[in-house]
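Each chain is listed here by its residues.
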Amino acid sequence: MPTSVRNLAKEIGADKYIICGNGTLIYDLQNEEIIYDSFMEKEKVLKIIKLCEENSIYYNVYTEDSVLTKSLNYNVLFYDNENSKKPIEKRTSINIVEDIYKYIEDNPNMNILKMTICDSDKTIFSSIVRKLKMIPKIDILEVEHMSRKNIKSGSVDIPIEYFYTEIANENTNKWTAIKFLIEKLDIKKEEVMAIGDNANDIEMVENAGLGVAMGNSMLSVNGIGDIIVKDNNSDGVAEAINAYINNI
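Parameters and conventions
Residues numbered from 1 in each chain as written. Predicted model: local features only at pLDDT ≥ 70, side-chain atom pairs only at ≥ 80, totals over all residues. Heavy atoms only, no water. Helix = DSSP H or I, 4+ residues; strand = E, 2+ residues; numbered from the N terminus. Rg over C-alpha atoms; globule rule 2.2 N^0.38 Å. Buried < 20%, exposed > 50% of the residue type's maximum accessible area, 1.4 Å probe, protein only. Contact = heavy atoms within 4.5 Å. Areas by Shrake-Rupley, 256 points an atom, 1.4 Å probe, with all protein chains shown as cover. Expected span 1.5 Å × (residues − 1). Arc of directions from axis to C-beta. Polar contact = N/O pair within 3.5 Å; in protein donor to acceptor, adjacent residues only side chain to side chain. Pairing = 2+ DSSP bridges. Phe/Tyr/Trp six-rings, centres within 6.5 Å; stacked < 30°, edge-to-face > 60°. Lys NZ or Arg CZ within 6 Å of the ring centre and 35° of its normal. Patch = residues over 30% accessible without salt bridge, like charges linked within 9 Å, V, L, I, M, F, W, Y side chains within 5 Å. Salt bridge = Lys/Arg side-chain N within 4 Å of Asp/Glu carboxyl O. Axes fitted to C-alpha atoms, helices over the stretch in contact; angles between N-to-C directions.

A few words on the overall build of the chain. Secondary structure assignment for the chain yields nine helices and 13 strands. Against the compact-globule benchmark of 18 Å for 248 residues, the chain has a radius of gyration of 18 Å, which places it among compact chains. If you line up the chain on its principal axes, its C-alpha atoms span 55 × 45 × 35 Å. Put simply, the chain has 248 residues, and 44% of those count as buried. Contacts in the chain between residues far apart in sequence, at least 24 positions, make up 56% of those at least 6 positions apart. Carbon and sulfur atoms provide 47% of the accessible area of the chain, an area that totals close to 13,600 Å².

Shown next as structure tokens:
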């Protein structure tokens, strides 16, 4: 979300543009305005919520400033745990809402970036994904692996494991947003370096002038990266920037 990405941008001294929500919007930091957006249609969001509710599937709705959820579980449980380690101004905003369907209906001006669907059972998860694919004009992220995260409870690591997908408006991804900036800034795609590790990075890693796959990337990203750098715990991003931008 813009609020989360702005904090990261400030830490690294980035003051031009940020792409948020898997390419749903581009925010101009200097002029403090959205210059591009591809928000989800409310009718589609409500239809997906209804489908999830009818099948008892866990879901989240990402707005411009918060994650809407009915309970702390899976990905949101991890966010909540990470929040406890951060100062208040850098925390991910989590809004626990009993009736998300009604909440969205009652807030017609709400902009929705994306939705996330999670379940720990692969059979149940695969079934809901098949149903989601029957809804027209949405993009469903094809994630081939189970997400595995750990949260600490005292000195004990508690694993969180779940299958997930992300849903966005049709033809919405990070590369589509980058293409908008390429045209706005009048640069060539050959001058763009994209660094990624997951399914939502595939288009930009594949299409950028230099596609960089992190050392911990899923196999499909490794397969399309022009180069592979160290993993995220070993400063792989810095390795790419120093080698190909700073010439160090």
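Continuing now.
This part takes up helix α6 (residues 174–185). One turn of an α-helix holds 3.6 residues; hence residues three or four places apart share an orientation. With twelve residues, α6 ought to run about 16 Å at 1.5 Å a step, and its terminal C-alpha atoms sit 16 Å apart, in line with that. Of all the residues in α6, the buried ones are Lys174, Trp175, Ala177, Ile178, Leu181 and Ile182. Buried residues along α6 cover an arc of 155° about the axis, so they all sit on one side. Close packing links the buried residues of α6 with β1 (17–20), β2 (25–28), β3 (33–37) and α7 (202–207). A side-chain oxygen of the first residue of α6 lies 2.9 Å from the backbone nitrogen of tryptophan 175; this N-cap is asparagine 173.

Once that is clear, we can look at the sheet that holds strand β13 (residues 227–228). Taken in spatial order, the three strands line up as β11-β12-β13 in an open sheet, and their pairing is parallel. Each edge of the sheet is formed by a strand with only one pairing partner; in this case those strands are β11 (193–196) and β13. Across four bridges, the pairing between β11 and strand β12 (residues 210–213) is parallel. Its bridge partner being in β12, methionine 193 is matched across the sheet by leucine 210.

On to the packing of aromatic side chains, then. Enumeration according to the criterion identifies five aromatic pairs in this entry. Between phenylalanine 125 and phenylalanine 163, the aromatic rings sit 6.1 Å apart at their centres with planes inclined by 25°, giving stacked as the arrangement. Linking phenylalanine 125 in helix α5 (residues 122–132) with phenylalanine 163 in strand β10 (residues 156–169), this pair joins segments that are 38 residues apart in sequence. For phenylalanine 125, a relative accessible area of 8% puts it in the buried group. When the centroid spacing of 6.1 Å and the interplanar angle of 65° are considered together, the rings of tyrosine 162 and tyrosine 164 count as edge-to-face. Across the pair, exposure class does not vary: tyrosine 162 and tyrosine 164 are buried alike. A connected cluster of aromatic rings, assembled from ring pairs, spans Tyr58, Tyr74, Tyr162 and Tyr164. Over the face of the ring belonging to tyrosine 62 we find lysine 114, whose NZ or CZ atom lies 4.8 Å from the ring centre.

This part takes up the pairing of β3. In this sheet, β3 lies alongside β2 in antiparallel orientation, the contact comprising four bridges. Looking across to β3, one finds that isoleucine 26 is bridged to tyrosine 36. The loop that links β2 with its antiparallel partner β3 comprises four residues; one of these, glutamate 32, has a positive phi angle of about 50°.

The next subject is a nonpolar patch on the surface. Taken together, the side chains of Val237, Ile241, Tyr244 and Ile245 present a nonpolar region at the surface, about 350 Å² in accessible area. On the secondary structure map, isoleucine 241 appears in helix α9 (residues 236–244). Classification of isoleucine 241 by relative accessible area gives partly exposed; the value is 31%.

Glancing now at the side chain of lysine 174. The residue lysine 174 is located in helix α6 in this model. For lysine 174, a relative accessible area of 19% corresponds to the buried category. Here aspartate 201 takes part through its side chain, which lies 2.6 Å from a polar atom of the side chain of lysine 174. If we ignore the near neighbours within four places in the chain, the residues touching lysine 174 are Ile19, Asn22, Gly23, Asn200, Asp201 and Met204.

Before going further, it helps to examine the sheet that holds β1. If you trace the three strands from one edge of the open sheet to the other, you get β1-β2-β3, paired in antiparallel fashion. In the strand order of this sheet, the two ends are held by β1 and β3, each with one partner. Going from strand to strand, the sheet's axes swing by 25° on average, the running direction of each strand aside. Across the face of the sheet, helix α1 (residues 2–12) comes into contact with β1 and β2 while running at roughly 140° to β1. Relative to β1, α6 is tilted by about 155°, and along the sheet it contacts β1, β2 and β3.

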